[in-house]
Amino acid sequence: QVQLAESGGGSVEAGGSLRLSCAVSGYTYSSVCMAWFRQAPGKEREGVAFLYTGTGRTDFGDSVKGRFTISRDNAKNTLYLQMNSLKVEDTALYFCAARSPGYGTCAPRTPTTFRYWGQGTQVTVSS
């Protein structure tokens, strides 16, 4: 039914940019929360960027504010994460995720509150 599939990961030098894509099928873009999470080895999964489609409101993790942008393209059924000024500490497996419809905001931001997940795409930043 609902499927999310990430792509666009790879290796990049510090200071470079990458754009991740998440192809979405079987899911509405109206008044739902969509998000990007990441997880590095030995670390907990953390929220990176959030988009509430009902209002277009976005929010970002403190460590990526001013560097990352989340957006969507309904015509292509795709969610994006534009990552600029990448740092070594951005190295992680990146996941896109979505809540079930009915939530009024993107809060709470814990991974367990997101129902649908992609399988992840690896981002590696070297110095």
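The structure contained in this document is the topic of the report that follows. (Residues numbered from 1 in each chain as written. Predicted model: local features only at pLDDT ≥ 70, side-chain atom pairs only at ≥ 80, totals over all residues. Heavy atoms only, no water.)

**Focus on the pattern of salt bridges**
Counting across every chain of the model gives five salt bridges. Between Arg38 and Glu46 there is a salt bridge, and its shortest N-O distance comes to 2.8 Å. Looking at Arg38, the relative accessible area reads 5%, which means it is buried. Linked through salt bridges whose partners overlap, the residues forming this network are Arg38, Glu46, Arg67 and Asp90. (Salt bridge = Lys/Arg side-chain N within 4 Å of Asp/Glu carboxyl O. Buried < 20%, exposed > 50% of the residue type's maximum accessible area, 1.4 Å probe, protein only.)

**Focus on the sheet that holds strand β8 (residues 78–83)**
Spatially, four strands are ordered β1-β3-β8-β7 in an open sheet, and the strand pairing comes out antiparallel. The sheet is open, and its two borders are formed by β1 (3–7) and β7 (68–73), each paired with just one other strand. Looking at each pair of strands side by side, their axes are set apart by 15 degrees on average, direction ignored. As defined by bridge partners, β7 adjoins β8 across six bridges and the pair is classed as antiparallel. Across the sheet, residue Asp73 finds its bridge partner in β8, namely Thr78. (Pairing = 2+ DSSP bridges. Helix = DSSP H or I, 4+ residues; strand = E, 2+ residues; numbered from the N terminus. Axes fitted to C-alpha atoms, helices over the stretch in contact; angles between N-to-C directions.)

**Quick look at the state of the cysteines**
Here a disulfide denotes one covalent bond, and it connects the sulfur atoms of two cysteines. Counted according to the given criterion, the structure contains two disulfides. Across a sulfur-sulfur distance of 2.0 Å, Cys22 and Cys96 are joined as a disulfide pair. Between Cys22 and Cys96, the S-S dihedral sits near 55 degrees, and the bridge is therefore right-handed. A residue pair is termed long-range when its members are at least 10 positions apart, and Cys22 in strand β3 (residues 18–25) and Cys96 in strand β9 (residues 92–98) qualify at 74 residues. A sulfur-sulfur separation of 2.1 Å characterises the disulfide bridge that pairs Cys33 with Cys106. Every disulfide takes its handedness from the sign of the S-S torsion; for Cys33 and Cys106 that torsion is 110 degrees, giving right-handed. Of the two residues, Cys33 sits in strand β4 (residues 33–39) while Cys106 sits in the loop between β9 and β10 (116–117), which places them 73 residues apart along the sequence. Accessibility expressed as a relative area gives 1% for Cys33, which makes it buried. The exposure class assigned to Cys106 is buried, which follows from its relative accessible area of 11%. Here the protein pairs its bonded cysteines, counted in sequence order, in the arrangement 1-3, 2-4. (Disulfide = S-S within 2.5 Å.)

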